[in-house]
Amino acid sequence: MKKLSPVAYRSLFVMHVGQFLEKIASSDELKGNHVVAVSGGLDSMTLLWFAQTLFRAGRIGRVRVIFVNHHTRAGQSRDAQLVRNFCIEEGISFTELSIEGLSSLESNFETKARRARRHLFLNEIKKNELLWMGHHLDDSFEWNFMQRNRSTNPRSTIGIPVRHNQIIRPFNCVTRAQIKRLARFEQIPYRNDPTNWDMKYDRNFVRHKIILLIKARYPKYLKFYSHSANFSATALKLNLVGRTNDSKLFVFEEGAALEGKIFSEIQIQELIHTYSKSDRGKIMTSIHRMIRSIDQGKKGPFHFSGALEAYYTPGLLMIYRKNFKNHDETIAILLNRLSNSALKTIPGYKKYELEQVWTHLIQDPDALLNLPGPVLVLESESICKTMNTSAIEPMFPKVSAVCRLRGLRLMTIRKCIDVWTQKEKRLPETLRILPLFHLSNLFTFQD
């Protein structure tokens, strides 16, 4: 990193923070408008530069700025002028808000100022806007350190969240030193706040006294902090990296399954470490590669070090030990022996009944042997087309071969439920569906 040119460093910085931003905000939100809270200091001015860079590249919607004047020191008027001049040069809308009645001599000045700023910001931003704040990893570590020594709430000790409702913190993936380096390369103007050296404030005491000792003894402390904070957040179901991580975890002897629409990278990493036979390998690189492939419509299987594989289907991510044997062969034999006349007697399901079937399957101790839960859709060609069925399920190749031979159509239970919900008006109230994991219970077969 020391030998990187300014151009290369800028490119890597924008790529890294840009990818992080895409994890904490949806594509629709990014296309919308954005408000950057700017104080005139290093962090917020660099954040404004970054946001405007993304806007000019067409990656996010229009950017505007809010500056809050506390009227507690003379220099704040010059801070405001610096920010205003930058906005004029860049064609950015600038708004200055004021806080009245604050005194920097109060013992709880920082807390009052923070609450007042937050109140002004939330009243000013519109419903469809995201509010950007310039906190970074150093800030989060300092907050973490202070809270551990004055709070028993486990949530408060994780650090500053990367997102809370409309508030996002894109720089919570980089350090103060990395931001300062970018500002120097790009000649981003900023002003230093002299109160940042006043030791009566806890954050300054921690930053300039305690952190220096920690850094001298443990130079990689921020790297390990960022990992531990994410693991703690996952354990508390806060998920610092995911947007609305509503996934449910189901653990089995040979692997695990995550059910939901958005999966935490940290949770995936934990599961891979749990089931892997090896501690080696660039796990996060492989996870990112898998996620990019899923975004491109691929299902897998995806391979990880330690003889692990993962497979994705809408609403479900499976992680399992390589070469584990599911019920593919058994179900294929049973299905092949089942006559067309017998298939015609399969009863229909209502959507809520299929949802109950899925709940029963995913909670079964042997669920992994039947996941991702393929079902036969025994309906007309037009209905199968509406539901986007297929004759192939990669996790069940032998079952797929039987379906292709007999002209049968497949889909997973989760996908069937989702499609049924989305296209409810175009589908009948009852569908003739055969969950294939039921075959061994419905029909007797002996070799």
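Thresholds, definitions, all that
- What you see as residue numbers is a count from 1 along each chain, following the sequence as written.
- This being a predicted model, a pLDDT of at least 70 is required before a residue's local features are given, and a value of 80 or more before pairs of side-chain atoms are given or counted; all residues contribute to the totals for chains, interfaces and linings.
- Hydrogens and waters are ignored; side-chain quantities use all the structure's heavy atoms.
- What pLDDT reports is the predictor's confidence in each residue, on a scale of 0 through 100.
- Helix and strand definitions follow DSSP, with helices as H or I runs of at least four residues and strands as E runs of at least two, each counted in order from the N terminus.
- Throughout, a residue-residue contact means that at least one pair of heavy atoms, one from each residue, lies within 4.5 Å.
- Expected helix span is taken as 1.5 Å per residue step, with the number of steps being one fewer than the number of residues.
- Using a 1.4 Å probe on the protein chains alone, a residue whose accessible area is under 20% of its type maximum counts as buried, one over 50% counts as exposed, and one in between counts as partly exposed.
- Here the arc refers to the set of directions running from the helix axis out to each C-beta atom.
- Two strands are counted as paired when DSSP detects at least two bridges linking them.
- Salt bridges are identified by distance alone: a Lys or Arg side-chain nitrogen within 4 Å of an Asp or Glu carboxyl oxygen.
- Two rings from Phe, Tyr or Trp (for Trp, the six-membered ring) form a pair when their centres sit within 6.5 Å of each other. Planes less than 30 degrees apart are called stacked, planes more than 60 degrees apart edge-to-face, and all others tilted.
- For helices, the fitted axis covers only the stretch in contact; all axes are lines through C-alpha atoms, and the angles between them, taken along N-to-C directions, range from 0 to 180 degrees.

## Notes on the confidence of the model for the protein chain
Per-residue pLDDT for the protein chain has a mean of 83; in total, 87% of the residues score no lower than 70. Of all helices and strands in the protein chain, the one with the weakest mean pLDDT is helix α18 (residues 439-442) (58), whereas helix α3 (residues 42-56) scores best (97). Across residues 231-245 the pLDDT falls below 50, and counting only partners more than four positions away or on other chains, this stretch makes 42 contacts in the model. Contacts from residues 442-447, a stretch scored under 50 in pLDDT, to residues over four places away or in other chains number six contacts.

## What to know about helix α4 (residues 76-90)
A rise of 1.5 Å per residue sets the reference length of α4, with its 15 residues, at 21 Å; its end C-alpha atoms lie 21 Å apart and thus fit the reference within 8%. Buried within α4 we find Gln76, Asp79, Ala80, Leu82, Val83, Phe86 and Cys87. Looking straight down α4, one finds that the buried residues subtend no more than 160° of arc, so they occupy a single side. In α4, the exposed positions that point more than 90 degrees away from the buried face belong to Ile88 and Glu89. Contacts from the buried residues of α4 go to α3, β2 (63-69) and β3 (93-98). Just downstream of α4 lies Gly91, where phi reads positive at about 70°.

## As for the environment of Gly75
When you line up the elements, Gly75 lands in the loop between β2 and α4. Taking relative accessible area as the criterion, Gly75 reaches 9% and is therefore assigned buried. For Gly75 and Arg191, which are 116 residues apart along the polypeptide, the C-alpha to C-alpha distance reads 9.2 Å.

## Section: the pairing of strand β7 (residues 248-251)
As judged from the four bridges shared by β7 and strand β8 (residues 255-259), these two strands associate in the antiparallel manner. Bridge pairing links Val251 to Ala256 in β8. The hairpin formed by β7 and β8 contains three residues between the paired strands.

## Quick look at the pattern of salt bridges
For the structure on display, the rule yields 18 salt bridges. The partner of Arg414 in a salt bridge is Glu259, with the nearest N and O atoms 2.9 Å apart. Of this pair, Arg414 sits in helix α17 (residues 413-422) while Glu259 sits in strand β8, and the two are 155 residues apart along the sequence. Glu259 shares its class with Arg414; the two are buried.

## Considering the packing of aromatic side chains
All chains considered together, the criterion is met by seven aromatic pairs. Considering the side-chain rings of Tyr9 and Phe13, the 6.3 Å spacing of their centres and the 40° angle between planes classify their relative orientation as tilted. Residue Tyr9 and its partner Phe13 are located together in helix α1 (residues 6-24), separated by four residues, close to a single helical turn. In this structure Tyr9 comes out as buried when scored by relative accessible area, which is 4%.

## Notes on the sheet that holds strand β14 (residues 410-412)
Two modes of strand pairing occur in sheets, parallel and antiparallel, and in both the strands are linked by backbone hydrogen bonds. With antiparallel pairing, the four strands of this open sheet are ordered in space as β12-β15-β13-β14. Since the sheet does not close on itself, it has two edges, and those belong to β12 (348-350) and β14, each with one partner. Strand-to-strand twist of the sheet, defined as the mean angle between neighbouring strand axes without regard to direction, takes the value 55°. Where β12 and strand β15 (residues 430-435) come together, three bridges link them in antiparallel fashion. Bridged to Tyr349 within β15 is Leu431.

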